[in-house]
Amino acid sequence: IFQQYFPNHLRISIETYFQRFFSFLYPYIQITFNEFTGERFMRSEAYAAIETYLSSSSSAQARRLKAEIIKNSQSLVLTMDDNEEVADEFEGVKVWWASGKNVSKTQTFSFQPVPADEKRYYKLKFHKKHRDFITGSYLNHVMKEGKAIKVRNRQRKLYTNSGSSWSFVPFEHPATFQKLAMEPEKKREIVNDLITFSKAEEFYSGVGRAWKRGYLLYGPPGTGKSTTVAAMANLLGYDIYDLELTAVKDNTELKKLLIATSSKSIIVIEDIDCSVDLTGQRGKKREKKDIEENDPVQKFTKEESESRNSKVTLSGLLNFIDGLWSACGGERLVVFTTNYVEKLDPALIRRGRMDKHIELSYCSFEAFKVLAKNYLKLESHYLFSTIHSLLDEIKITPADVAETLMPKIAPVDAESCLQDLILALEGAKKQAGMGEMYPNLKVLRHHQNPEKE
Ligand SMILES: Nc1ncnc2c1ncn2[C@@H]1O[C@H](COP(=O)(O)OP(=O)(O)OP(=O)(O)O)[C@@H](O)[C@H]1O
Ligand SMILES: [Mg+2]
């Protein structure tokens, strides 16, 4: 009726006045965040951040939810369904979020049903007196929090290098510091160091250093070096880049790999002493240093040609650790593990490159108690005192202790496991004694049955 009886120009001005009048009375402001903006196939970053941000409050408030599987089919995430509304409060200001979708049918002729083109959006509604606060601090908070939740929820990855690129599998190692057999004091120190590092972005930029930290884990085989790396990744929620140096062609490829790593990650080089020929390279490095003092240009060309036709060198590795870091931002840990710390070049492990040196050693009684609790659910036992005095005398790795404590029959018989451990320790003690008496005698290890010896 309105369209029929009012002339066109009158209709437009009535509509405009009506809208003005309405917005004068209506005290709220709305902002729409569309899922797709501009390029049809680029999902809006803001929309994704809002979706994750709202997933926590919406699962408590909304009546209709959408479920989605993330983390490699392991956990469900709930977000609000279309046309739902949830309220949120930030620093005492209340806002409302509503979800919705616009459906536009595509006009193509086909016998098969064409899926409708759905455009989802979130609408934010707030009182107009909070305009500056909402468009400033509140939306910043939403974006930041949304991204942080996404990082927490993501499936973490374990990368390995193949050629000059990384390939990955989901990282699902269950190791935690809680379960790690180590003196409590040392454990606390490492955990504090890691957490301080992960929160120290401002400190690092304040003192003008790249946000990275180097750890050197050393100790005999089976003392938990690799397990500690996994526990570090789990504690901080980082990805792991397991760098196999022997598979890297040259220094250039090493740099390429480095640049391709992401922020919030641990770059591990296991058994660093076996990866590069450090003694050989040290000689070369000295020679190079002499040249450098005499003729910098000649030194440069020599290094260039060396890096092009040889394998990874010590100097390449050193550049890898500190040369390029400042260029690619973000937090990173570099971890080296080795069985022979004394074999390493001092240049490689000086402070500033490897900031923290952690020795992982044979199993102490404190460490044993953690293992007994993990494997046998034992807090105390009358055999503990015997084990305590044996552990003070005998060097045995946590891996060997863990092996004796592994349940071999069901139901678990804790006492027989502890007896096994005592036998193993006594066997080792006997061996050590024989070794002292006959230093040239090679004794085979029979942990389970020392009588055989
Ligand atoms: N400190 C520890 N706490 C708990 N478990 C441990 C510890 N040390 C070793 N283990 C157990 O022993 C096994 C071997 O440990 P891990 O691979 O971490 O040793 P490693 O020090 O990396 O040895 P390698 O030098 O041979 O690489 C692990 O599966 C783990 O279960
Ligand atoms: Mg290891």
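See the structure printed just above.
As a starting point, this report considers the structure included with it. Here the structure is a predicted model, which means the values were calculated and not measured.

**What about helix H8 (residues 251-259)?**
When we look at burial in H8, the residues that qualify are Asn251, Glu253, Leu254, Leu257 and Leu258. Seen end-on, H8 carries its buried residues on one side only, within an arc spanning 155°.

**Structural notes on the nonpolar core**
Inside soluble globular proteins, nonpolar side chains tend to come together where they are buried. Membership of the largest hydrophobic core comes to 28 residues, with the highest contact counts inside it found for Phe177, Leu194, Ile266, Leu333 and Val335. For this core, the elements supplying multiple residues, two or more each, are helix H5 (184-198), strand S9 (212-218), helix H7 (225-236), strand S11 (265-269) and strand S12 (332-338). Broken down by element, this core gets its largest block of residues, six residues, from H7. Apart from residues no more than four positions distant in its own chain, Val335 is found in contact with Tyr215, Leu217, Val229, Met232, Ile266, Ile267, Val268 and Ile269. Judged by nonpolar contacts, the second largest core, of 27 residues, contains Tyr218, Leu258, Ile267 and Val312.

**Section: the packing of helix H14 (residues 365-376) against helix H15 (residues 384-393)**
H15 packs onto H14 with a crossing angle of 135° between their chain directions and a minimal axis gap of 10 Å. Considering the angle they form, H14 stands oblique to H15. By crossing handedness, the relation of H14 to H15 is classed as right-handed. Across from Phe365, Phe368, Lys369 and Ala372 in H14, the residues of H15 making contact are Phe384, Ile387, His388 and Leu391. Along the lines of polarity and charge, the residues of the contact of H14 with H15 split into six nonpolar, one polar and one charged.

**Side note on the side chain of Glu253**
Of note, Glu253 is situated in helix H8. For Glu253, a relative accessible area of 10% puts it in the buried group. Excluding its chain neighbours within four sequence positions, the residues that come into contact with Glu253 are Gly163, Ser164, Ala247 and Val248.

The rules behind these values
- Residues numbered from 1 in each chain as written.
- Chains lettered and ligands numbered in written order.
- Predicted model: local features only at pLDDT ≥ 70, side-chain atom pairs only at ≥ 80, totals over all residues.
- Heavy atoms only, no water.
- Buried < 20%, exposed > 50% of the residue type's maximum accessible area, 1.4 Å probe, protein only.
- Helix = DSSP H or I, 4+ residues; strand = E, 2+ residues; numbered from the N terminus.
- Arc of directions from axis to C-beta.
- Core = buried A, V, L, I, M, F, W, Y, C linked by side-chain atoms within 4.5 Å.
- Contact = heavy atoms within 4.5 Å.
- Axes fitted to C-alpha atoms, helices over the stretch in contact; angles between N-to-C directions.
- Parallel < 35°, antiparallel > 145°, perpendicular 65-115°, else oblique.
- Left-handed = near helix turned anticlockwise from the far one by under 90°.
- Nonpolar A, V, L, I, M, F, W, Y, C, P; charged D, E, K, R; others polar.

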